[in-house]
Amino acid sequence: IGSWVATELAMLRTAHDHRVPVLGICFGGQLLAAAHGGSVSRSAAPEIGWVDIDSEDESLVPSGSWFQWHYDQWELPEAAKEVARNPQSSQAFVLDRNLAVQFHPEMNSEILASWIATGGADEIDRFGMSLDQLVRQTADRDTSNRQRAHRLVDQFLHHMTKGSEPSVT
């Protein structure tokens, strides 16, 4: 673990103590879990590409396909409420004014191209995935995923800056 992780964990705890809402994306979500008493461990298998998730709070984290690129999973902090998951692992949780998501709502073709250029192509190949298919799937979702990402952030801001937690039914 990098020497900067302890500082990040402390910053997340301080933000929590001061009721500053935090949206943790992928590794950021994992850090939120670890900072608040949960844990992070290696997944049985990586999740790379467009992966379906199921949500218990559609108004906050919509169900459907979200882009993922990770090898780890979190165990929820005791006070957290899971709001989304898939058969492999937890995909989103709320903890007071914080929201953690295991996926990348920001994904678009430009971001994917940069990840591919910085070693991602080798990872895709290593797992026997089709790079062309992943690029095509992402391009097909550029507009709709941008809209979904904006909705997710808007809903996070609405729920968390009001000081209320989203309802989980």
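The structure displayed is predicted, hence computed values, not measured ones. Within any chain, residue numbers begin from 1 and follow the written order of that chain's sequence. Only residues with pLDDT of at least 70 get local features here, since the model is predicted, and only at 80 or more are side-chain atom pairs given and counted; chain-wide, interface and lining totals rely on the full set of residues. To obtain the side-chain values, all non-hydrogen atoms of the structure were included, while hydrogens and water were left out.

Enquirer: Honestly, the sheet that holds strand S3 (residues 64–75) in this entry has me stumped. Any pointers?
Expert: The strands that make up a sheet pair up through hydrogen bonds in the backbone, lying either parallel or antiparallel. Taken together, six strands build an open sheet; the order of strands is S1-S6-S5-S4-S2-S3 and the sheet is mixed. A strand with exactly one partner marks an edge of an open sheet, and here the two such strands are strand S1 (23–25) and S3. In this sheet, adjacent strand axes meet at a mean angle of 25° when their direction is disregarded. For two strands to pair, DSSP has to find at least two bridges joining them. Put simply, DSSP H or I for four residues or longer makes a helix, DSSP E for two residues or longer makes a strand, and each gets a number counted from the N terminus. Relative to strand S4 (residues 81–85), strand S2 (residues 39–55) is paired through two bridges, and the arrangement is antiparallel. Looking at S4, one finds that Asp54 is bridged to Arg85. Note on method: axes are straight lines fitted to C-alpha atoms, helices fitted across the in-contact stretch only, with angles between N-to-C directions ranging 0 to 180 degrees.

Enquirer: Is there a simple way to explain the packing of aromatic side chains in this structure?
Expert: Within a pair of aromatic rings, the relevant descriptors are the distance that separates the centres and the angle that separates the planes. Aromatic rings from Phe, Tyr and Trp, taking only the six-membered ring of Trp, are treated as a pair when their centres fall within 6.5 Å; an angle between ring planes under 30 degrees marks them as stacked, one over 60 as edge-to-face, and anything in between as tilted. This structure, assessed with the given rule, holds eight aromatic pairs. With centroids separated by 6.0 Å and ring planes inclined at 35°, the aromatic side chains of Tyr71 and Phe127 adopt a geometry described as tilted. Note that Tyr71 is positioned in strand S3 and Phe127 in the loop between helix H3 (109–126) and helix H4 (131–161), a separation of 56 residues in sequence. Here's how the labels work: a residue is buried when its accessible area is under 20% of the maximum for its type, exposed when over 50%, partly exposed in between, all with a 1.4 Å probe on protein chains only. A relative accessible area of 34% places Phe127 in the partly exposed class. Taken together, the ring pairs connect Trp50, Phe67, Trp69 and Trp115 into an aromatic cluster. Here, over-ring charges are defined by two tests on the NZ atom of lysine or the CZ atom of arginine: distance to the ring centre within 6 Å, and angle to the ring normal within 35 degrees. Seen from the ring of Trp66, Arg148 lies directly overhead, with NZ or CZ sitting 3.9 Å from the centre.

Enquirer: Just checking my understanding: could you explain the environment of Ser114 for this structure?
Expert: Along the polypeptide, Ser114 turns up in helix H3. Residue classification places Ser114 among the partly exposed residues on the basis of a relative accessible area of 37%. A polar contact of 2.7 Å, which involves the side chain of Ser114, links it to the backbone oxygen of Ile111. For this analysis, a polar contact is any N or O atom pair within 3.5 Å, provided that within protein one partner can donate a hydrogen and the other can accept it, and provided that sequence-adjacent residues contribute only side-chain to side-chain pairs.

Enquirer: Explain H4 to me, please; I cannot follow it from the model alone.
Expert: Given 3.6 residues per helical turn, the α-helix brings residues three or four places apart onto the same face. Between its first and last C-alpha, H4 extends only 39 Å over 31 residues, short of the 45 Å set by a 1.5 Å rise per residue. Values of bend correspond, residue by residue, to the angle between axes fitted over the seven residues ending at that residue and the seven starting there. The largest bend in H4 is about 60°, located at Asp142. Along H4, the positions that sit buried rather than exposed are Leu134, Thr138, Asn145, Ala149, Leu152, Phe156, His159 and Met160. Working rule for contacts: check all heavy atoms of both residues, and any pair within 4.5 Å makes them a contact. Contacts made by the buried residues of H4 are with S1, S2, S3, strand S5 (90–95), strand S6 (98–101) and H3. Expected span of a helix, by definition, is 1.5 Å for each gap between consecutive residues, and there is one gap fewer than residues.

Enquirer: Can you walk me through the pattern of salt bridges in this structure?
Expert: It is possible for side chains bearing opposite charge to pair when their charged atoms get close. Criterion for a salt bridge: a side-chain nitrogen of Lys or Arg within 4 Å of a carboxyl oxygen of Asp or Glu. In this structure the tally under the stated criterion is two salt bridges. Arg42 is the partner of Asp72 in a salt bridge, and the nearest nitrogen-oxygen pair spans 3.5 Å. In this pair, Asp72 sits in strand S3 while Arg42 sits in strand S2, placing the two residues 30 residues apart along the sequence. Overall, the relative accessible area of 22% leaves Asp72 in the partly exposed class. Residue Arg42 is classed as exposed on the basis of its relative accessible area, which comes to 59%. A salt bridge links Glu82 to Arg85; the nearest nitrogen and oxygen atoms lie 2.8 Å apart.

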